[in-house]
2 protein chains.
Amino acid sequence: MIDELVRQIQEKNAPVVVGLDPMLSYIPEHIVIQATGEKGETLEAAAEAVWQFNKAIVDATYDLIPAVKPQIAMYEQFGVPGVAVFAKTVEYCKEKGLVVIGDVKRGDIGSTSAAYAAGHIGSVKIGGKVLRGFQEDFITVNPYLGTDGVKPFVDVCREADKGIFVLVKTSNPSSGEFQDRLVDGKALYEYVADKVNEWGEDCVGACGYSAVGAVVGATYPEQGKLLRALMPKAYILVPGYGAQGGKGKDLVHFFNADGLGAIVNSSRGIIAAYKQEQYAGFGAEHFAEAARQAVVDMIEDLRF
Amino acid sequence: MIDELVRQIQEKNAPVVVGLDPMLSYIPEHIVIQATGEKGETLEAAAEAVWQFNKAIVDATYDLIPAVKPQIAMYEQFGVPGVAVFAKTVEYCKEKGLVVIGDVKRGDIGSTSAAYAAGHIGSVKIGGKVLRGFQEDFITVNPYLGTDGVKPFVDVCREADKGIFVLVKTSNPSSGEFQDRLVDGKALYEYVADKVNEWGEDCVGACGYSAVGAVVGATYPEQGKLLRALMPKAYILVPGYGAQGGKGKDLVHFFNADGLGAIVNSSRGIIAAYKQEQYAGFGAEHFAEAARQAVVDMIEDLRF
């Protein structure tokens, strides 16, 4: 799957992933009104509004981008109907040929991580049938529990040709509280990076990159440069561009000399572009066209 | 909610939580056969089998125990139908008067953690209505992203009278890989413990304990003793008893002198008791009675 991701990044010349993180406040009023008109003020209505919003964004951008990254929290907030729309969104994006990165940040003890892996990137066996739950191509994984909490995901990556991005240095302001702690002069995130190399060494694709990638926030360009060098075969998923503060030129060192090695996420900056001054001319009715323009501009901003 | 948990622990004289982690392999064949007979070899059938299994276990044990802890991974593995049974299980346990600890180990950047908190322990506003997604009483939270990834959960604890257990030192074999790293002579989990105190200081209940608790594995009794002293107001959720290796007498130091301060989880050891030699006499047909006996024995083992 890492080969497919790299292929699409090269084909579309766009190291860009659109974060499908639909807060209700991002969704234009006319969509919410239509959904609540049909289904009342219910979780089902919220989920329907999310679905209509996502579908329009995907339809307007899929030819430009290699991948999407739905953030499952934004769906879980609406309970079971929300999770059902997460599944529907994943399925729809795959039909459109997109690589789907489920931003689920799962991670637990071994047997539990195995269940998460089965549900999101693997399969379960029921009687004589092999069935799939959520069917993302990649997911994000939290490393706090160590190797036996991550290995079950890596095993499924190998068996099912999928991938993961392990949280190494996250984009949020307080990420340094634990991640930057110095252990014998070396930051904790560097130890995590060493493990990312170890976990990923047996699943390097034809493209030269491993199915085990890393998350490093755009908001920490110095650490990005260091981590790029430390994990030469790990694809880096870079959140925090745009709305969270990162800029295109700051991200050059997240990439390798081959122009590959990183994929930059933007969520709010794309899906709620119509709310920004720059794209306000589109109006709420044309939110999806605003999103498309924001993708075009982001791709341009990342050419260096 | 911490007051309610402590009240039930005292009333039932049982610092015990039953982990509802229904691997398909734990579910007696007759239940799986009935479910697949009705619904085919589908995710819906697996979810139905899980539901029937859970319901029987809860019916057989709810009068003895203060709380249950469904592990959401075991439901997510069956996709949307599995997650729907997670929600149904939470609801049913609450109808039975149990405190429900959702073992979800969520944690993300601030805005995303806020969405998880809304979905699992808080609420969302849709039009003029306040609606709830999964409705657990407590959830487990991963601290790797630091304060701004945890605070949204704490805020909801205060607003909605709910609680969280933050992963401090997990029960799995490789938990030391990052959690035990020494930073200026102090283990990383001690820094996390300091933060647990800080996060929880404004939400101490009438019982003297905070809504912000901690997860410390039964498999690490020495660290348990240290962490008990470091976090005097944090309730400690203790996984890893029984099947993962911990024993009753090893756990005395997870408790405070008042006999409170810890609640010990057993999952497989209870729900799959009928598969153990000790309870084999019950037979698979009477798996729920075996679970009840295992709860009785666990409560006895924890009297010291």
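Above this note sits the structure.
Rules of the game
Residues numbered from 1 in each chain as written. Chains lettered and ligands numbered in written order. Predicted model: local features only at pLDDT ≥ 70, side-chain atom pairs only at ≥ 80, totals over all residues. Heavy atoms only, no water. Least-squares fit on C-alpha atoms with pLDDT ≥ 70 in both. Contact = heavy atoms within 4.5 Å. Disulfide = S-S within 2.5 Å. Buried < 20%, exposed > 50% of the residue type's maximum accessible area, 1.4 Å probe, protein only. Core = buried A, V, L, I, M, F, W, Y, C linked by side-chain atoms within 4.5 Å. Salt bridge = Lys/Arg side-chain N within 4 Å of Asp/Glu carboxyl O. Helix = DSSP H or I, 4+ residues; strand = E, 2+ residues; numbered from the N terminus. Phe/Tyr/Trp six-rings, centres within 6.5 Å; stacked < 30°, edge-to-face > 60°. Lys NZ or Arg CZ within 6 Å of the ring centre and 35° of its normal. 1 Å grid on protein atoms, 1.4 Å probe; cavity = no way out; pocket = protein on both sides within 12 Å on 5 of 7 lines; lining within 4 Å. Points joined across faces, edges and corners; volume = space filled by probe spheres on them. Expected span 1.5 Å × (residues − 1). Pairing = 2+ DSSP bridges. Axes fitted to C-alpha atoms, helices over the stretch in contact; angles between N-to-C directions.

Undergrad: Account for the relation of the copies chain A and chain B, with residues named and values stated.
TA: Least-squares fitting of chain A to chain B yields an RMSD of 0.0 Å, with the superposition described by an axial translation of 0.0 Å and a rotation of 180 degrees. Both copies are brought into coincidence by an operation consistent with a two-fold rotation axis. For chain A, the residue whose C-alpha comes nearest the rotation axis is Val-183 of chain A, separated from it by 2.6 Å. Comparing contact sets, 100% of the residues at the interface of chain A also lie at the interface in chain B, consistent with an isologous, same-surface contact.

Undergrad: Residue-level account of the state of the cysteines, with values.
TA: Residue and element names in this part refer to chain A. For the coordinates displayed, the defined rule picks out zero disulfides over all chains. For Cys-207, which is in no disulfide, the shortest distance to another cysteine sulfur is to Cys-203 and amounts to 11 Å. Classification of Cys-207 as partly exposed rests on a relative accessible area of 25%.

Undergrad: Break down the nonpolar core for me, citing the residues and quoting the values.
TA: Residues Ile-164, Val-168 and Met-231 of chain A together with Ile-164, Val-168 and Met-231 of chain B are the most contacted members of the largest nonpolar core, which totals 238 residues. Excluding residues within four positions of it along the chain, Met-231 of chain A makes contact with Val-168, Ala-193, Val-196, Asn-197, Ala-214, Val-216 and Ile-236 of chain A.

Undergrad: Which residues make up the pattern of salt bridges, and what values do they have?
TA: Counted according to the given criterion, the structure contains 38 salt bridges over all chains. A salt bridge links Lys-162 of chain B to Asp-137 of chain B, with the shortest nitrogen-to-oxygen separation between them at 3.7 Å. Of the two residues, Lys-162 of chain B sits in the loop between α7 (147-160) and β7 (163-169) while Asp-137 of chain B sits in the loop between β5 (129-131) and β6 (138-141), which places them 25 residues apart along the sequence. Across the pair, Asp-137 of chain B and Lys-162 of chain B agree in class, each one buried. The shortest N-O distance in the salt bridge between Arg-303 of chain B and Glu-300 of chain B comes to 3.9 Å. The class of Glu-300 of chain B is exposed, set by a relative accessible area of 53%. The structure contains a network of salt bridges with shared partners spanning Lys-69, Asp-103 and Lys-105 of chain A together with Asp-108 of chain B.

Undergrad: Which residues make up the packing of aromatic side chains, and what values do they have?
TA: What describes a pair of aromatic rings is the distance from one ring centre to the other and the angle between the planes of the rings. All told, the structure shown has 14 aromatic pairs over all chains when counted by the stated rule. Judged by centre distance (5.2 Å) and plane angle (20 degrees), the rings of Phe-53 of chain A and Phe-287 of chain A are stacked. You can see Phe-53 of chain A sitting in helix α3 (residues 43-61) and its partner Phe-287 of chain A sitting in helix α12 (residues 287-301), a full 234 residues away along the chain. Accessibility classification places Phe-53 of chain A together with Phe-287 of chain A in one group, the buried group. Ring plane angle 75 degrees and centroid distance 4.8 Å describe the contact between Tyr-209 of chain B and Tyr-235 of chain B, whose orientation is recorded as edge-to-face. Remark: Tyr-235 of chain B occurs in the loop between α10 (221-230) and β11 (236-238) and Tyr-209 of chain B occurs in the loop between α9 (188-200) and β10 (212-216); sequence separation between them is 26 residues. Just as Tyr-209 of chain B is buried, Tyr-235 of chain B falls in that class too. Linked through ring pairs, Phe-53, Tyr-274 and Phe-287 of chain A together constitute an aromatic cluster. Residue placement shows Lys-96 of chain A over the ring face of Tyr-62 of chain A; its charged tip is 4.4 Å from the ring centre.

Undergrad: Give a detailed account of empty space enclosed by the protein, specifying residues and quantitative values.
TA: In this approach the atoms are scanned with a rolling probe the size of a water molecule, which exposes any empty space left behind. In the structure shown here, the tally under the stated rule is one cavity of 30 Å³ or more. There is about 50 Å³ of room inside the largest cavity. Lining the largest cavity, in full, are Ile-72, Glu-76, Val-83, Arg-106 and Phe-134 of chain A together with Ile-72, Glu-76, Val-83, Arg-106 and Phe-134 of chain B.

Undergrad: Before we move on, can you summarise helix α5 (residues 79-95) of chain B with the specific residues and values?
TA: Here α5 of chain B is 17 residues long and its end C-alpha atoms lie 25 Å apart, about the 24 Å a rise of 1.5 Å per residue gives. Buried within α5 of chain B are the following residues: Gly-79, Pro-81, Gly-82, Val-83, Val-85, Phe-86, Ala-87, Thr-89, Val-90, Tyr-92 and Cys-93 of chain B. On the buried face of α5 of chain B, the contacting elements are α5 (79-95) of chain A together with β1 (16-20), α3 (43-61), β2 (67-70), α4 (73-76) and β3 (99-106) of chain B. One or two positions beyond α5 of chain B, positive phi appears at Gly-97 of chain B, with a value near 85 degrees.

Undergrad: Quick rundown of the sheet that holds strand β1 (residues 16-20) of chain A? Include the residues and the values.
TA: Within a sheet, adjacent strands bond to each other through the backbone by hydrogen bonds, running parallel or antiparallel. Residue and element names in this part refer to chain A. Strand order around the closed barrel formed by eight strands is β1-β2-β3-β6-β7-β10-β11-β12, with parallel pairing between neighbours. Geometrically, the sheet is characterised by an average inter-axis angle of 30 degrees between neighbouring strands, direction not taken into account. Each of β1, β2 (67-70) and β3 (99-106) is contacted by α5, which is oriented at about 150 degrees to β3, the strand it contacts most.

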